[in-house]
Amino acid sequence: GDLPPGFDPVYVARAPDGSRTAVIGGWNPESWAQRYGLFFVEKGGRVRQVVEKGLKMPGAWSPDARTFVFSNGPSYWYDNPLVLVDAETGALTETGVQGLWPAWSPDGRVVAVGTEFDGSRGGWFGGPAGGRIALWDVAAKTLTPVTPPGYLLDDRKSGAFVTGGTRFPAWSPDGRRLASQRWGSGPGKVGAAWVVDRDGAGLREAPGAAPHAEAA
């Protein structure tokens, strides 16, 4: 349903069970100072601020709606630690991983993220380009890459700058494959959808497909 008055959302994600909605952005309730961060809006309309920070990037709910994952950093490019939030208590759990655009697998066991940006300062439409997709195993607390490394060529003498990689992971409905967007700057710039199996095998382009779960 609609958010309570005063919200200026950047990203909104409703829990799969409909119990609450996560809002990343600003909130200015009547007679209060503007607040920024991550908010949980309960089904009855009560608002809880979970994180107080000018967050920029989207998060995602676990399939069981018990956990929200997001990038706890104020930048599009640098310092985006991946953090888990308990939906009931609001307790934060650091993963130790730098990650953007998190996407839970349908079985809830792993989170696909864009990571290993290697200091990339280049990117378009929602974040850096010079990274790769990896899977964060929630139980084992391990990070496993499933797409090739990104690249960053920055020649300050000549002014040449080229970067590229994969980003925006999305799962197939059965959780067996991931789609992502390959993107880069300079010669050979691409923006096509790529698909890879969950174990990192079978990387292939999906010609003409948008980088979302249907491409997988």
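Residues numbered from 1 in each chain as written. Predicted model: local features only at pLDDT ≥ 70, side-chain atom pairs only at ≥ 80, totals over all residues. Heavy atoms only, no water.

Comments concerning the overall build of the protein
Scanning the protein from N- to C-terminus turns up zero helices and 17 strands. Taken over 216 residues, the protein has a buried fraction of 48%. Considering only contacts within the protein whose residues lie at least 6 apart along the sequence, 39% involve residues at least 24 apart. Accessible area of the protein: about 10600 Å², with a carbon and sulfur share of 52%. (Helix = DSSP H or I, 4+ residues; strand = E, 2+ residues; numbered from the N terminus. Buried < 20%, exposed > 50% of the residue type's maximum accessible area, 1.4 Å probe, protein only. Contact = heavy atoms within 4.5 Å. Areas by Shrake-Rupley, 256 points an atom, 1.4 Å probe, with all protein chains shown as cover.)

As for the sheet that holds strand 8 (residues 92–98)
Adjacent strands of a sheet form backbone hydrogen bonds with each other and so pair up, either parallel or antiparallel. Taken in spatial order, the four strands of this open sheet run 5-6-7-8, and their pairing is antiparallel. Both outer strands of the open sheet, strand 5 (60–61) and strand 8, are each paired with one neighbouring strand and no more. With five bridges connecting them, strand 6 (residues 67–71) and strand 7 (residues 81–86) associate as antiparallel partners. Bridged to Val69 within strand 7 is Leu84. (Pairing = 2+ DSSP bridges.)

Let's talk about the pairing of strand 4 (residues 47–52)
Inspection of the sheet shows strand 3 (residues 35–42) paired to strand 4 by five bridges, in the antiparallel sense. Each bridged residue has a counterpart across the sheet, and for Val41 the counterpart in strand 4 is Val47. The turn linking strand 3 back onto strand 4 is made up of four residues, and Gly45 within it adopts a positive phi angle of 105°.

Digging into the sheet that holds strand 1 (residues 7–14)
Strand order in the open sheet formed by four strands is 1-2-3-4, and the pairing between neighbours is antiparallel. Strands with a single pairing partner mark the edges of an open sheet, and in this sheet they are strand 1 and strand 4. The sheet shows a mean angle of 30° between the axes of neighbouring strands, taken without regard to direction. (Axes fitted to C-alpha atoms, helices over the stretch in contact; angles between N-to-C directions.)

Concerning the packing of aromatic side chains
Two aromatic rings, taken as a pair, are described by how far apart their centres are and by the angle between their planes. Tallied over the entire structure, the rule returns nine aromatic pairs. Their ring planes at 85° and their centres at 5.5 Å tell us that Phe7 and Phe39 sit as a pair that is edge-to-face. Here Phe39 lies in strand 3 and Phe7 lies in strand 1, a separation of 32 residues in the sequence. For the pair shown, Phe7 and Phe39 are each scored as buried. By way of ring pairs, the aromatic residues Phe40, Trp61, Phe68 and Phe70 are connected into one cluster. (Phe/Tyr/Trp six-rings, centres within 6.5 Å; stacked < 30°, edge-to-face > 60°.)

Remarks on the pairing of strand 9 (residues 100–104)
It is a general feature of regular strands that their side chains alternate between the two faces of the sheet. With five of five residues buried, strand 9 lies mostly within the body of the structure. The sheet contact formed by strand 9 and strand 10 (residues 110–115) spans three bridges and is antiparallel. What sits directly across from Trp104, in strand 10, is Val111. Where strand 9 folds back onto strand 10 in an antiparallel hairpin, the turn is made up of five residues, including Gly108, whose phi is positive at roughly 75°.

Examining the layout of surface pockets
Space inside the largest pocket adds up to approximately 260 Å³. For the largest pocket, the lining is made up of 15 residues, of which Ala60, Trp101, Pro102, Ala103 and Pro169 are closest to its centre. Listing elements by their share of the lining of the largest pocket, those giving two or more residues are strand 5, strand 9 and strand 14 (160–171). Taken together, the residues of the lining of the largest pocket sort by class into 13 nonpolar, two polar and no charged. (1 Å grid on protein atoms, 1.4 Å probe; cavity = no way out; pocket = protein on both sides within 12 Å on 5 of 7 lines; lining within 4 Å. Points joined across faces, edges and corners; volume = space filled by probe spheres on them. Nonpolar A, V, L, I, M, F, W, Y, C, P; charged D, E, K, R; others polar.)

A closer look at the side chain of Thr166
Assignment of secondary structure puts Thr166 in strand 14. Engagement of the side chain of Thr166 in a polar contact is seen with the side chain of Thr147, the distance being 2.8 Å. Sequence-distant contacts of Thr166, that is, excluding residues within four places in its chain, are made with Ala129, Gly131, Arg132, Ile133, Thr147, Ser180, Gln181 and Arg182. (Polar contact = N/O pair within 3.5 Å; in protein donor to acceptor, adjacent residues only side chain to side chain.)

Focus: the confidence of the model for the protein
Per-residue pLDDT for the protein averages 84, and the proportion of residues at 70 or more is 80%. By mean pLDDT, the top-scoring element of the protein is strand 5 (98), and the lowest-scoring one is strand 13 (residues 151–155) (68). For the stretch residues 210–215, pLDDT sits under 50, and the model shows 16 contacts to residues farther than four places along the chain or on other chains. (pLDDT = per-residue confidence, 0-100.)

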